[in-house]
Amino acid sequence: MVMKILVIGGAGYIGSHVVRTLLDKGYAVTVFDNLSGGCKENLFDEAGFVEADILNFPYLFKTMKDGFDGIIHLAALKAAGESMVEPEKYAINNITGTINILCAAWEFGIKRIIFSSSAAIYGEPQYQPIDEEHPTNPENFYGFTKLEIEKMLQWFDRLRGIKFSALRYFNAAGYDLKGRVRGLEKNPENLLPVVMEVACGMREKLLIFGDDYDTRDGTGLRDYIHVEDLAEAHVLALEHIYKTDESLIVNLGSENGVTVKEMVEKARKITGRKIPVEVVGRREGDTASVLASSEYAKKILGWKPRHSDIDTMIASSWEVYKDKIKE
Ligand code: UD1
């Protein structure tokens, strides 16, 4: 029997890759998205589409009434800086939106949910690599919303038997290796899409936020993970819930650190473009380095990052961005 999955936020950058992977594996998919961060270009003909907001409770009800074997929930606002100046927006969209989803899921007997959590819930690293036992102390309101949602999921598991997987993403990067996802992120703030915009002339230069960190070249070091590897983990997490009927919290990172300068150097080589940079002051809330331990995901899900080398991440992004070159 074909499994029916509702992907909320399925038109976004990570969501569309998750949908692509589910379709490739033979799942029947319906995307629910308000297209605020996502875009129509990221939709696939094989998947159903409902254009609506998770704050629109009647619409969630109407959609879930059809019955689904599971939900993958990626719909959220994710700009950490903005969350510090407009916390209300983040509280309502991320937290209230998820409560709506859980209430509707309970109403229609949908008992499995995969949730996009984030390494932002850990805050300033106390030790590295960061495993799932690391204390949670978010530095920004965005991270706080993700942590609160994880706690909500634990309560709904205990009280309503809704099983969940909270996937704590580190830094997602890259694009579908077959070039089937082509939507660009709107007003990106994350490193690789910004570097790509500079490479194709959509932006004048990359601002490097500090080169006096305690890292091998002074610039921020992060754990980048290819979005296809992330997408794969969603499907494995879904299968895990089916098999074991147990909830799960796991980190998803590549365990490979890359600095800002290394990213720029590699991007120059791969794209053959100049990529001008200017070193400016540190960005508030940034930390020197963030490295994941993904041992638990490997053990419990049998997951392994396969495309998370820096060349593949940059090259697959460039395949999409190079169409936008402006001389
Ligand atoms: C950011 C968020 C984090 C969120 C994650 C995924 C902050 C402080 N953190 O993580 O909460 O979960 O995105 O959306 O916003 N950099 C530059 N110039 C730029 C952009 C980035 O130098 O124009 C540097 C940063 O200082 C950092 C590295 O590149 O050292 C990666 O930055 P970014 O892609 O924004 O990710 P995070 O800060 O790790």
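Located above this text is the structure these notes cover.
Numbers given to residues run from 1 along each chain, matching the order in which its sequence is written. Under the rules for a predicted model, residues below a pLDDT of 70 receive no local features and side-chain atom pairs below 80 are neither given nor counted, while totals for whole chains, interfaces and linings still include all residues. Only hydrogens and water are removed before side-chain values are computed, so all heavy atoms of the structure are retained for them.

Asks: Residue-level account of helix α7 (residues 227-244), with values.
Replies: Numbered from the N terminus, helices here are DSSP runs of H or I no shorter than four residues, and strands are runs of E no shorter than two. The span you would expect from a helix comes to 1.5 Å times its residue count less one. Counted at 1.5 Å a residue, the expected span for α7 with its 18 residues is 26 Å, and the 26 Å between its end C-alpha atoms agrees. To sort residues, take the accessible area from a 1.4 Å probe on protein chains only and compare it with the maximum for the residue type: under 20% means buried, over 50% means exposed, and anything in between is partly exposed. Counting buried residues along α7, 13 of its 18 residues qualify, which places the element largely inside the surrounding structure. Phi turns positive, to about 55°, at Asp245, one or two residues after α7.

Asks: If you had to explain the site of the ligand to someone new, which residues and values would you point to?
Replies: For each residue, the test is whether any non-hydrogen atom lies within 4 Å of the molecule or strand; if one does, the residue is near. In the vicinity of the ligand lie 20 residues, with Leu191, Leu207, Arg222, Arg283 and Asp286 positioned nearest. By the criterion applied in these results, polar contacts are pairs of N or O atoms within 3.5 Å in which, for protein atoms, one can donate a hydrogen and the other can accept it, and in which residues neighboring in sequence qualify only through two side-chain atoms. Within the backbone of Phe209, one N or O atom sits 2.9 Å away from an oxygen atom of the ligand. Between the ligand and Asp286 there is a distance of 2.6 Å, counted from an oxygen atom to a side-chain nitrogen or oxygen. Here, Shrake-Rupley sampling with a 1.4 Å probe gives the accessible areas, and only protein chains in the shown set may cover a residue. Relative to its unbound accessible area of 740 Å², the ligand is 87% covered by the protein chains. Sorting the residues of the shell around the ligand by element identifies α6 (191-199), β8 (206-209) and β9 (221-226) as the ones contributing at least two each. Tallying contributions element by element places β8 first for the shell around the ligand, with four residues.

Asks: Tell me about helix α2 (residues 57-64), and name the residues and values.
Replies: Residues of α2 that are buried: Leu60, Thr63 and Met64. Within α2, the buried residues cover an arc of 90° as seen down the axis, which keeps them to one side. Turned more than 90 degrees away from the buried face of α2 sit Pro58 and Lys62, all of them exposed. Note on definitions: a residue-residue contact is assigned when non-hydrogen atoms from the two residues lie within 4.5 Å. Along its buried surface, α2 packs onto β1 (4-8), β2 (28-33), β3 (48-51), β4 (70-73) and α4 (87-107). The reported arc concerns the directions from the helix axis to the C-beta atoms and nothing else.

Asks: I'd like to hear about the packing of aromatic side chains, residue by residue, with values.
Replies: In summary, the pairing rule links any two rings of Phe, Tyr or Trp, Trp by its six-membered ring, whose centres are within 6.5 Å, and it sorts them by plane angle into stacked for under 30 degrees, edge-to-face for over 60 and tilted for everything else. Summed over all chains, the structure comprises six aromatic pairs. Seen in terms of ring centroids, Phe61 and Phe108 are 5.1 Å apart; in terms of plane orientation they differ by 75°. Their pairing is edge-to-face. Taken as a pair, Phe61 in helix α2 and Phe108 in the loop between α4 and β5 (112-118) lie far apart in primary sequence, 47 residues in all. We classify Phe61 as partly exposed; its relative accessible area is 25%. Here the aromatic rings of Tyr175 and Tyr321 are separated by 6.3 Å at their centres, their planes lie at 80°, and the arrangement is edge-to-face. Here Tyr175 is found in the loop between β7 (171-173) and α6, whereas its partner Tyr321 is found in helix α10 (residues 310-321), with 146 residues between them in sequence.

Asks: Explain the state of the cysteines to me, using residue names and the numbers behind them.
Replies: Two cysteines form a disulfide when their sulfur atoms are joined by a covalent bond. Only a pair of cysteine sulfur atoms within 2.5 Å qualifies as a disulfide here. If you walk through the whole model with that rule in mind, you get zero disulfides. Left without a disulfide partner, Cys39 is nearest to the cysteine sulfur of Cys200, which lies 15 Å away. A residue is classified by how much of its surface remains accessible, and Cys39, at 15% relative accessible area, is buried.

Asks: Explain unusual backbone geometry to me, using residue names and the numbers behind them.
Replies: With an omega of -5°, the peptide bond between Gln128 and Pro129 qualifies as cis. One non-glycine residue, Leu35, lies in the positive phi region at around 60°. Structurally, Leu35 can be placed in the loop between β2 and β3. On the accessibility criterion, Leu35 (16% relative accessible area) is buried.

Asks: Go over the side chain of Asn93 with me, naming the residues and quoting the values.
Replies: Positionally, Asn93 belongs in helix α4. A distance of 2.9 Å separates the side chain of Asn93 from the backbone oxygen of Lys89, its partner in a polar contact. The residues touching Asn93, leaving out its near neighbours within four places in the chain, are Ile54, Leu55, Leu77 and Thr98.

Asks: Could you give an account of the sheet that holds β5, with specific residues and numbers?
Replies: With parallel pairing, the seven strands of this open sheet are ordered in space as β3-β2-β1-β4-β5-β6-β10. Edge positions in the open sheet fall to β3 and β10 (248-252), since each of these has one partner strand only. Between one strand axis and the next, the sheet turns by 20° as a mean value, whatever way the strands run. Judged from the five bridges that link them, β1 and β2 form a sheet pairing that is parallel. Bridge pairing in β2 links Ile8 to Phe32. Against the sheet, α7 touches β1, β4, β5, β6 (163-169) and β10, its axis set at about 160° to β6. By definition, two strands form a pair when at least two bridges between them are found by DSSP. Inter-axis angles, ranging from 0 to 180 degrees, are taken between N-to-C directions of lines fitted to C-alpha atoms, where helices are fitted over the stretch in contact.

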